[in-house]
Structures are given as C-alpha cells and as structure tokens.
Amino acid sequence: MAIRRSPLRRSLLRRSAALAAATTAALVLTACGGDSTPPSRSAHSGHGTTASAAPSAGRTGHNAQDVTFAQQMIPHHRQAVAMVGLAPTRARSQQVKDLAARIEKAQDPEIATMTGWLKAWGASVPEADASGTADMPGMDHSGHSGPGHSAASMPAMPGMMSDAEMSGLEKMSGDVFDRAFLRMMIGHHEGALDMARTEQAKGAYGPATALAKSIVVSQSAEIAGMRKMLGER
C-alpha cells in the first residue's frame, strides 16, 4: 500500500533537506579556509612584498656609467659653485646674482648626494681645491681610486672652464663680469646636459637617472633664461 504524505509534511521534509545542505556547505568552506589567511588579505600581502622589493632592487643596482656620471658631475658641479661664488661681489645685475644663488642652492646638495653614491659603491670620490677644479679627469688620480673604478681613466668633461678662464673671470666685475659669467655658464650647463643625457640613456641606477632627468629640465630652463639676459644687453 502506498503511503501518502500530506502537503505540510512534504514541505517540512524539503526545508530540512535544504537546511542540511546549507550546513554542510558552510562546514566545507570553513574547513578549507580555517588555517589560512583569507584569500583577499593573502593576495594583497604578497603583492605588497613584491612591490616593496622591486624598487629596492632597481635602486641598488648600478653600472659603470652611473659611476662615471657621478665622478664627472661632482667636479663639474663644484666648478659651477665656484663660479657662482664670484657673483655676489662682482656681478652688477641682480638677475645674475639671483641666478647664481639658485645654482648654488641646487648643486651643493647634488654634490653631497653623488658623493654618497660613490662611497657606497666603493668608487673614488673626486677631490677639489678651493676653486673646485682640482682632481679633474686627465690628472693623476692614482692615489684616490676605489676598487674597480679609476677616476684617471675618465674622459674629459664637456663644458668645463680652463684655469685661465676661471682666473680671468675672477678679475672681472660689473657688466663685463655679468656678460662673461652668463656666456661661460651657458657653456658649462650645455656640458652638463650632455653628461646627463648620456646617463639617462645608459645608466642603471634609478636615483642617478632621475637626477640626470632633473638636471636636463632645470639647466635647460636656466640656459634659456641666461640667453634672454644676454639678449637684453
């Protein structure tokens, strides 16, 4: 004889089966994830570790071009600082004096930064005398070379003033000084642009290529300004 279930009983049986299925699914999910970090947190944690490690690797790796860039730009900057140091007492134009102050403010910290890189890399740091022009490439650096990096082998730097040109600038004043200073600094900046663009193209150390980019932007603007100043005379 077939047993007939009432509609109410069939409804209760269906609800009980659904509840049992839901409970089983919840237990399965809990068992799968009970001893591990939630997927969303684990994924973000792993991504964060990778993101923090990648810049570090890029910042610490350097090549021979990075060393050359720093070894050349340090004496190049030092000579610029020596040149602008003459402006306060010799320049007539306030524009020239203001430009000189800006150049010194920008390049002094850059010298310190590049010096730190060379020391960290075990490379030689160019030395300077009071004029900022000593220990330049082409001179005898045998006593100052770091392991694997000899400053004596570096090529001559573009835009550097000769000792005679620096001595001549020291003897000038007024409008004569202003014109000579601007012309010499334009040439000096153009040399820095050459070196900075080479670093951008061939360097491997992130902070060094970033500094090179900054030099190209700032000194290109200063060259344009100096040319305008010369055109007003």
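Residues numbered from 1 in each chain as written. Predicted model: local features only at pLDDT ≥ 70, side-chain atom pairs only at ≥ 80, totals over all residues. Heavy atoms only, no water.

Chemist: Any chance you could explain the nonpolar core here in plain terms?
Modeler: Soluble, globular proteins show a tendency: their nonpolar side chains are buried together. By size, the foremost hydrophobic cluster in this structure holds 48 residues, and its most contacted members are F69, M83, M114, L169, F181, M185 and M226. Sorting elements by how many residues they give to this core places helix α7 (residues 174-202) first, with eleven residues. In contact with M114, other than residues within four places in its own chain, are F69, A70, M73, I74, H77 and L211. (Core = buried A, V, L, I, M, F, W, Y, C linked by side-chain atoms within 4.5 Å. Buried < 20%, exposed > 50% of the residue type's maximum accessible area, 1.4 Å probe, protein only. Helix = DSSP H or I, 4+ residues; strand = E, 2+ residues; numbered from the N terminus. Contact = heavy atoms within 4.5 Å.)

Chemist: Please explain the confidence of the model for the chain as it appears in this structure.
Modeler: When pLDDT is low, close inspection of the predicted coordinates is not appropriate. The share of residues in the chain with pLDDT of 70 or more is 61%, and the mean pLDDT across the chain is 75. A low-confidence stretch, residues 6-58 stays under pLDDT 50, and its non-local contacts, those more than four residues away or across chains, total six contacts. pLDDT under 50 marks residues 134-154. Its contacts with residues more than four places away, or in other chains, come to 43 contacts. (pLDDT = per-residue confidence, 0-100.)

Chemist: Please explain the pattern of salt bridges as it appears in this structure.
Modeler: Between side chains of opposite charge, pairing is possible as soon as their charged atoms come close. For the coordinates displayed, the defined rule picks out two salt bridges. Residues D175 and R92 are paired through a salt bridge, measuring 3.1 Å at the closest nitrogen-oxygen approach. Of this pair, D175 sits in helix α7 while R92 is found in the loop between α4 (87-90) and α5 (94-121), placing the two residues 83 residues apart along the sequence. For D175, a relative accessible area of 27% puts it in the partly exposed group. Among the residues examined, R92 registers a relative accessible area of 62% and is labelled exposed. A salt bridge links E190 to R227; the nearest nitrogen and oxygen atoms lie 2.7 Å apart. Linking E190 in helix α7 with R227 in helix α8 (residues 206-231), this pair joins segments that are 37 residues apart in sequence. (Salt bridge = Lys/Arg side-chain N within 4 Å of Asp/Glu carboxyl O.)

Chemist: How should the environment of M73 be read in this particular structure?
Modeler: With respect to the helices and strands, M73 occurs in helix α3 (residues 64-84). For the pair formed by M73 and A212, sequence separation is 139 residues and the distance between their alpha carbons is 9.8 Å. Excluding residues that lie within four positions of it along the chain, M73 makes contacts with M114, A192, M195, A196 and I215.

Chemist: In this structure, what is going on with the packing of aromatic side chains? I would like to understand it.
Modeler: Describing an aromatic ring pair means giving the distance of the ring centres and the angle of the ring planes. All told, the structure shown has four aromatic pairs when counted by the stated rule. Summarising the aromatic geometry, the rings of W121 and Y205 are spaced 5.2 Å apart at their centres and angled 85° between planes, so their arrangement reads as edge-to-face. Here Y205 lies in the loop between α7 and α8 and W121 lies in helix α5, a separation of 84 residues in the sequence. Each member of the pair, W121 as well as Y205, is classed as buried. Following the ring pairs from residue to residue traces out a cluster consisting of W117, W121 and Y205. (Phe/Tyr/Trp six-rings, centres within 6.5 Å; stacked < 30°, edge-to-face > 60°.)

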